[in-house]
Amino acid sequence: MLAGCSGGEPRQAPPKAVYDLPSREVRPDETALHLPPATNGETEFSVIGLAAGLPSLTGSHTEFEAKGQFVRLRLVVTGKGLSGILFDTRRQQLITDSGAVIAVDNQAMTIKRQPEKFELGRGVRVEFDLYFDLPKEAKPVALRAFGGPTLTDMKNLTGTDVKLA
C-alpha cells in the first residue's frame, strides 16, 4: 500500500498512436495553410490550402470565366459524432474582408467535379475543394463552416468561422 504513495515522479501516459500520412506537394497556384482545426456540431474542419485570384477554371469539357475571381479552398472534414451525418458542401460560405458572405459557386463545383452531398460517417475523413466567385478586389478572410445536423441540433443554423490567416 505504501508503494503507491511514494513521492517519485508521476507516471507519464504513453503517447497516443498516430497514422503516418505522407506529405504532399501543394498545387502550384495554392498556398498551404497550417491552421488549427475547428468544429461545428459533430464535424471537424481543417482548411489546408487556399488559391485566390483565379480568373477561370478548366474542367473536362469547358473553361469557365469568373465574374470576379475564383477562390479555391482545400478542406478536410472529419466526422466526430457517434453517428453519420449528411454533409452538404454547398452550405459552406466564404467571408470577405468587407464582411460579404459568399455562397459556394455551384457551377464551378460541378465543372471541377466536387461532391455536393455525402454521408460522413463516424471517424471518416474526406478531403475536397470548395470554389467561390468573389469580386476582383475582395480578399477571403474566413470560411463559415456548417457541419451536418446532430441529435441535439437538427437544423444547425449557426456555422463556425474559420479564419484563413
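Residues numbered from 1 in each chain as written. Predicted model: local features only at pLDDT ≥ 70, side-chain atom pairs only at ≥ 80, totals over all residues. Heavy atoms only, no water.

The name that an unreviewed UniProt entry assigns to the protein is DUF4352 domain-containing protein, with the source organism given as Amycolatopsis regifaucium.

Engineer: Any chance you could explain the overall build of the protein here in plain terms?
Structural biologist: Each helix and strand counted, the protein has one helix and eleven strands in total. Traced from its N-terminal end to its C-terminal end, the protein shows the element sequence β-β-β-β-β-β-β-α-β-β-β-β. Since a compact globule built from 165 residues should have a radius of gyration of about 15 Å, the 20 Å found for the protein marks it as more spread out than a globular shape. Taken along the three principal axes of its C-alpha coordinates, the protein extends 75 × 35 × 35 Å. Here the protein holds 165 residues, and the buried ones make up 41% of them. Taking as baseline every contact in the protein between residues at least 6 positions apart, the subset at least 24 positions apart corresponds to 67%. Counting every atom, the protein has about 10,600 Å² of accessible surface; 54% of that belongs to carbon and sulfur. (Helix = DSSP H or I, 4+ residues; strand = E, 2+ residues; numbered from the N terminus. Rg over C-alpha atoms; globule rule 2.2 N^0.38 Å. Buried < 20%, exposed > 50% of the residue type's maximum accessible area, 1.4 Å probe, protein only. Contact = heavy atoms within 4.5 Å. Areas by Shrake-Rupley, 256 points an atom, 1.4 Å probe, with all protein chains shown as cover.)

Engineer: Got a minute to help me understand the sheet that holds strand S7 (residues 101–103) in this structure?
Structural biologist: Each strand in a sheet pairs with its neighbour through backbone hydrogen bonds, running either in the same direction (parallel) or in the opposite one (antiparallel). Read from one edge of the open sheet, four strands run S7-S6-S10-S11, paired in antiparallel fashion. Two strands bound the open sheet, and with one partner strand each, they are S7 and strand S11 (160–163). Between one strand axis and the next, the sheet turns by 30° as a mean value, whatever way the strands run. (Pairing = 2+ DSSP bridges. Axes fitted to C-alpha atoms, helices over the stretch in contact; angles between N-to-C directions.)

Engineer: Help me understand unusual backbone geometry, please; the structure alone is not making it clear to me.
Structural biologist: The phi angle of most residues is negative, glycine excepted, and most peptide bonds adopt the trans form. A positive phi angle, close to 55°, is found at Arg 113, a residue other than glycine. Following the sequence through the fold, Arg 113 ends up in the loop between helix H1 (106–111) and strand S8 (117–120).

Engineer: Teacher, can you tell me more about the pattern of salt bridges here?
Structural biologist: Opposite charge on two side chains lets them pair, provided their charged atoms get close. Across all of its chains, the model carries eight salt bridges by this definition. Of the charged contacts in the structure, one is a salt bridge between Asp 161 and Arg 144, with a shortest N-O distance of 2.7 Å. You can see Asp 161 sitting in strand S11 and its partner Arg 144 sitting in strand S10 (residues 140–145), a full 17 residues away along the chain. Overlapping salt bridges bring together Arg 24, Arg 27, Asp 29, Glu 30, Arg 72, Arg 74, Glu 127 and Asp 129 as one network. (Salt bridge = Lys/Arg side-chain N within 4 Å of Asp/Glu carboxyl O.)

Engineer: Is there a simple way to explain the packing of aromatic side chains in this structure?
Structural biologist: For the coordinates displayed, the defined rule picks out five aromatic pairs. Between Phe 45 and Phe 87 the ring centres are 6.0 Å apart and the planes differ by 50°, which places this aromatic pair in the tilted class. Note that Phe 45 is positioned in strand S3 (residues 43–58) and Phe 87 in strand S5 (residues 85–88), a separation of 42 residues in sequence. There is no split in this pair, since Phe 45 and Phe 87 are both buried. A connected cluster of aromatic rings, assembled from ring pairs, spans Phe 45, Phe 87, Phe 118 and Phe 128. (Phe/Tyr/Trp six-rings, centres within 6.5 Å; stacked < 30°, edge-to-face > 60°.)

Engineer: Just checking my understanding: could you explain the side chain of Gln 92 for this structure?
Structural biologist: With respect to the secondary-structure elements, Gln 92 resides in the loop between S5 and strand S6 (93–96). Polar side-chain contacts of Gln 92 include one of 3.0 Å to the backbone oxygen of Asp 88. Residues within four places of Gln 92 in sequence aside, it is in contact with Phe 45, Phe 87, Ile 102, Ala 103, Val 104, Leu 130, Phe 132, Leu 143, Arg 144, Ala 145 and Phe 146. (Polar contact = N/O pair within 3.5 Å; in protein donor to acceptor, adjacent residues only side chain to side chain.)

Engineer: How do you make sense of the pairing of strand S4 (residues 63–79) when you look at a structure like this?
Structural biologist: Successive residues of a regular strand alternate their side chains across the two faces of the sheet. S4 sits mainly inside the fold: 14 of its 17 residues count as buried. Bridge count for S3 against S4 is twelve bridges, and the pairing is antiparallel. Pairing of Phe 45 across the sheet is with Val 77, part of S4. The antiparallel hairpin formed by S3 and S4 contains four residues in its connecting segment. Examined bridge by bridge, S4 and strand S9 (residues 125–134) share ten bridges and lie antiparallel to one another.

Engineer: How should I be thinking about the nonpolar core in this particular structure?
Structural biologist: Across soluble globular proteins, you tend to see nonpolar side chains buried next to one another. Grouped together as the largest cluster of nonpolar side chains are 35 residues, with contacts concentrated most on Leu 73, Leu 130, Phe 132 and Leu 143. Looking at this core, the elements that each hand over two or more residues are S3, S4, S5, H1, S8, S9 and S10. Top contributing element to this core by residue count: S4, with seven residues. (Core = buried A, V, L, I, M, F, W, Y, C linked by side-chain atoms within 4.5 Å.)

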